[in-house]
Amino acid sequence: MEVPILKQGHYLIASIQSALTDADLSQLREALIERVGKYRSRGVIVDVTALDVMDSFAVRTLRDIAHMARLRGAETVIVGIQPEVAFAMVQLGLTLKGVSTALDLEEGLAFLDRQARERIERVQGRIPRG
Amino acid sequence: MADELLVPIAADVDVVSARQKGRELAAEAGFSSGDQTVIAAAISEIARNILMYAKRGEITLRTVMNGDLDGLVVVARDQGPGIPDVARALQDGYSTSGGLGLGLPGARRLMDDFDVVSIPGKGTTVTMKKWRRRHA
Amino acid sequence: MAAKGKDTQAPSPLDPQAPSESTAALLRELVAHLRQNRTQLREEWARRITRAQLLTAMTEEEIFAEATSVYDNYVEALETGTFEALQAYARNLSERIIPRGVETHEVIGIVLLLRDVLARSLFGKYHEDFDKLNRILDAYEPAANRIANTVAVGFVQERERIIRQQQEAIRELSTPVLQVRERLLILPIIGVIDPQRARQLTEQLLRAIRTNRAKVVVIDITGVAAMDSNVANHLVQTVEASRLLGATVIVTGLSPEIAQTLVTIGVDLSEMATVGDLQGGIEEAERLLGYKVLALEEVTPKA
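**Q** Help me get a handle on the overall build of chain A, residues and values and all.
**A** Summing up its helical and strand segments, chain A has four helices and five strands in all. Each helix and strand of chain A, ordered N terminal to C terminal, gives the series β-β-α-β-α-β-α-β-α. Burial analysis of chain A (130 residues in total) assigns 54% to the buried set. Considering only contacts in chain A between residues 6 or more positions apart, those separated by 24 or more positions represent 71%. For chain A, the exposed surface amounts to about 5,800 Å²; the carbon and sulfur share of it is 50%.

Next up, the structure:
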C-alpha cells in the first residue's frame, strides 16, 4: 500500500492511511528520501494517526527517515501518535529519541515553521548558534 | 470456552494480519483498548522474528479462562535455526541481524507470562500470555 | 454421586464420601423423593422464607420463582454430585439479587432453610426405619453442606466482584488531570500509587493531552511519600510517552528520596525537567508556553 506524499511549499507531508507492512514502510522511507532530495524540502511530516500499533520496525524506519532527511537538510516531525500507541511504545522500550514529535499536523507544521525561522535568525546572527 | 485462531507467517502481510487478529481476539475477550494495542505490538514483534530468522512459521491465538481471570494466549512456532542462547537473546539490545533487537525482550516486557523454548537446528516456540480480571 | 479417586482420608463434612454402592443407591432414592414431592417442599420452603422475613426486597412471586430454580439446581447437584452448574447458577442469582439489596445473611439463611425443610421431610418419610433414616442422612449431609457452601461462596464472590467494579468506576471518575491554562495540564499525584493506578493515571493523562492539545504537563509528586522502582519506571515512561504526543513534562515536588530512586533505576535526572515545587513548575510551564511567542517578537525586526 503506497503512502500518499503531499508537497506543501518546502515541506513534504506523508499521511499514513492504514496498517503498513514492513515492505510498505521501507517503500515510504525510500520515497520520502528521494523526494527530499528532489524538491530540496526543508521539512518532513509523517502523520501516523491511523496507525494503531507502532512496533520496533516502524520506529526504526521513522528514525531512519529522520536521520536521512537531516543529512539532506530537512527536519522531520512525527505527528499523530495515539495515546495508547505511545504507551505501548514506551513499555516496549521504543523511544524515538532524537526525532521530533508533535500532537498533530497543525502542531507539526507550526514546529517546522518555528524551526525554519530560528534557522534563518541563526544565520542572520540574531540567535547565537549551537 | 476457548476460541482458537491459526495465522500462518510466511510473508510481510502476515505480520500485519497476525497483529490485527490478535487485537480482534483481545477485544472479544474484553481487554481494554490500551491492552489490545500492547498485545498487538507484542505479536508484531514475535511474528517478525519468525519471518526474519525462520522465514516461515505460525502463530496460534487462543482465549482461556483461569478462575476469575480471562487470558489471551499467543503461541509462535517455527522450525527455524533456533536460538542458541535464549538468555542472551532475552537481553535488551542484543541482536544478530544488526537491527534494534527488541523483538523478544520487548515482547516479554509487554506481556504477563512469557516463555521461550528453542532447540538449535529444530526450531523455536514462544508462548506468551496476557491476563485480565473478569468484570462480567 | 460421581465416583471420586482413591481417598484414604476420613471424609470431612465438606467432602462427599467416596461412595459405596449403598450410598449411591441411597442418594438416588433421596433424589427421587425430592423430585416426587417437589411442589409441596418448594411451597413449604417459600413459606418459611417469608415467615423468617428473608428476601424482603423481593415480592412473593419472585421468591417463589427463585425458590423453584434453587430447588431444582439443589436436587440436580445432589443427583450428579457435580457443583459447576450450581456454582454458575449461584453467581447468576447473586448478580440479580445483589442490586436489589439482598444481603449475605439472607442468602445463607434461605439455603439453610431449604436444607432443613428437606431434612425434615426425610424424617417424615423414614421415621419408621431409624436405621435407614440414619443411612440416608449420612448420604445427604455432606452433599447438603457442600451445596450450602457453594451457594454462599458464590454469593460472596459475586459481591466482591461488584465492589471491585464499583471501586474501579470511582477511580475512573476521579480524573485528577486538571487543565489550568490553555495547553497546560497539571497532574497532582497524592498518596500511595500501585502499579495499576499508575497505569490508569498515565492512560488518563495521555488521553487528556490529546483532548486538550496540551503542550506542557506539570506532574506534581509532592504528595507522594515514596516510590518503588516499578512506579518510578512508570513515571519515566509517562514522561516519554507524553513527549511522543508532543508535550513537555515538568516534574515538581521531587523529594531527595525519590530522586535517589530514579537515579538508582538509571534515570538521567539532567534529562528530566524538574522544578522544586508546583508553583515554580507552573511558572516554568507558562514561561515555556509564552516563550515561543516572546522569541518571535524578540527576533522580528522592528520597523
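**Q** Tell me about the sheet that holds strand β2 (residues 57–66) of chain B, and name the residues and values.
**A** Residues and elements named next belong to chain B. Strand order across the open sheet formed by five strands is β1-β2-β3-β5-β4, with antiparallel pairing between neighbours. In this open sheet, the two strands that pair with only one neighbour each are β1 (4–9) and β4 (113–119). Shown here is a sheet whose adjacent strand axes are inclined to one another by a mean of 15°, direction ignored. With 10 bridges joining them, β2 and strand β3 (residues 69–78) adopt antiparallel strand pairing.

**Q** Tell me about the layout of surface pockets, and please be specific about residues and values.
**A** Space inside the largest pocket adds up to approximately 1,300 Å³. If you go around the largest pocket, you meet 37 residues; those closest to its centre are Asp35(B), Pro195(C), Gln196(C), Arg199(C) and Glu203(C). When contributions to the lining of the largest pocket are tallied by element, the ones reaching two or more residues are α3 (83–92) of chain A, α2 (33–54), α4 (103–110) and β5 (123–133) of chain B together with α6 (130–173), α7 (195–212) and α8 (229–244) of chain C. Looking at the lining of the largest pocket element by element, the count peaks at seven residues for α7(C).

**Q** Tell me about the pairing of β4(B), residues and numbers included.
**A** All names here are of chain B. The alternating pattern of β4 places Phe114, Val116 and Ser118 on a buried face, while none of Asp113, Asp115, Val117 and Ile119, on the opposite face, is buried. Where β4 lies against β5, seven bridges are found, and the strand directions are antiparallel. For Asp115, the partnering residue across the bridge sits in β5 and is Thr127. Hairpin connection, β4 to β5: the antiparallel pair is bridged by three residues, and Gly121 has positive phi, about 90°.

**Q** I'd like to hear about the pairing of strand β1 (residues 5–8) of chain A, residue by residue, with values.
**A** Of the pairings in the sheet, the one linking β1(A) to strand β2 (residues 11–15) of chain A comprises four bridges and is antiparallel in character. Each residue of the ladder has a partner; that of Ile5(A), found in β2(A), is Ala14(A).

**Q** Account for the sheet that holds strand β1 (residues 178–181) of chain C, with residues named and values stated.
**A** Residues and elements named next belong to chain C. Taken in spatial order, the five strands make up an open sheet running β1-β2-β3-β4-β5, and their pairing is mixed. Edge positions in the sheet fall to β1 and β5 (273–275), since each of these pairs with one other strand and no more. Averaged over neighbouring strand pairs, the angle between their axes works out to 30° when direction is ignored. Direction of pairing for β1 relative to strand β2 (residues 184–190): antiparallel, over a ladder of three bridges. Residue pairing across strands places Leu178 opposite Ile186, the latter belonging to β2.

**Q** I'd love a proper account of the pattern of salt bridges, names of residues and values included.
**A** In this structure the tally under the stated criterion is 30 salt bridges over all chains. The shortest N-O distance in the salt bridge between Arg19(B) and Asp55(A) comes to 3.5 Å. With Arg19(B) in helix α1 (residues 12–28) and Asp55(A) in the loop between β3 (43–47) and α2 (56–71), this pair bridges two chains. Note on accessibility: Arg19(B) and Asp55(A) belong to one class, buried. If you follow the salt bridges from partner to partner, you end up with Asp104(A), Glu106(A), Glu107(A), Arg183(C), Arg213(C) and Lys215(C) in one network.

Reading guide: rules and limits
Residues numbered from 1 in each chain as written. Chains lettered and ligands numbered in written order. Predicted model: local features only at pLDDT ≥ 70, side-chain atom pairs only at ≥ 80, totals over all residues. Heavy atoms only, no water. Helix = DSSP H or I, 4+ residues; strand = E, 2+ residues; numbered from the N terminus. Buried < 20%, exposed > 50% of the residue type's maximum accessible area, 1.4 Å probe, protein only. Contact = heavy atoms within 4.5 Å. Areas by Shrake-Rupley, 256 points an atom, 1.4 Å probe, with all protein chains shown as cover. Pairing = 2+ DSSP bridges. Axes fitted to C-alpha atoms, helices over the stretch in contact; angles between N-to-C directions. 1 Å grid on protein atoms, 1.4 Å probe; cavity = no way out; pocket = protein on both sides within 12 Å on 5 of 7 lines; lining within 4 Å. Points joined across faces, edges and corners; volume = space filled by probe spheres on them. Salt bridge = Lys/Arg side-chain N within 4 Å of Asp/Glu carboxyl O.

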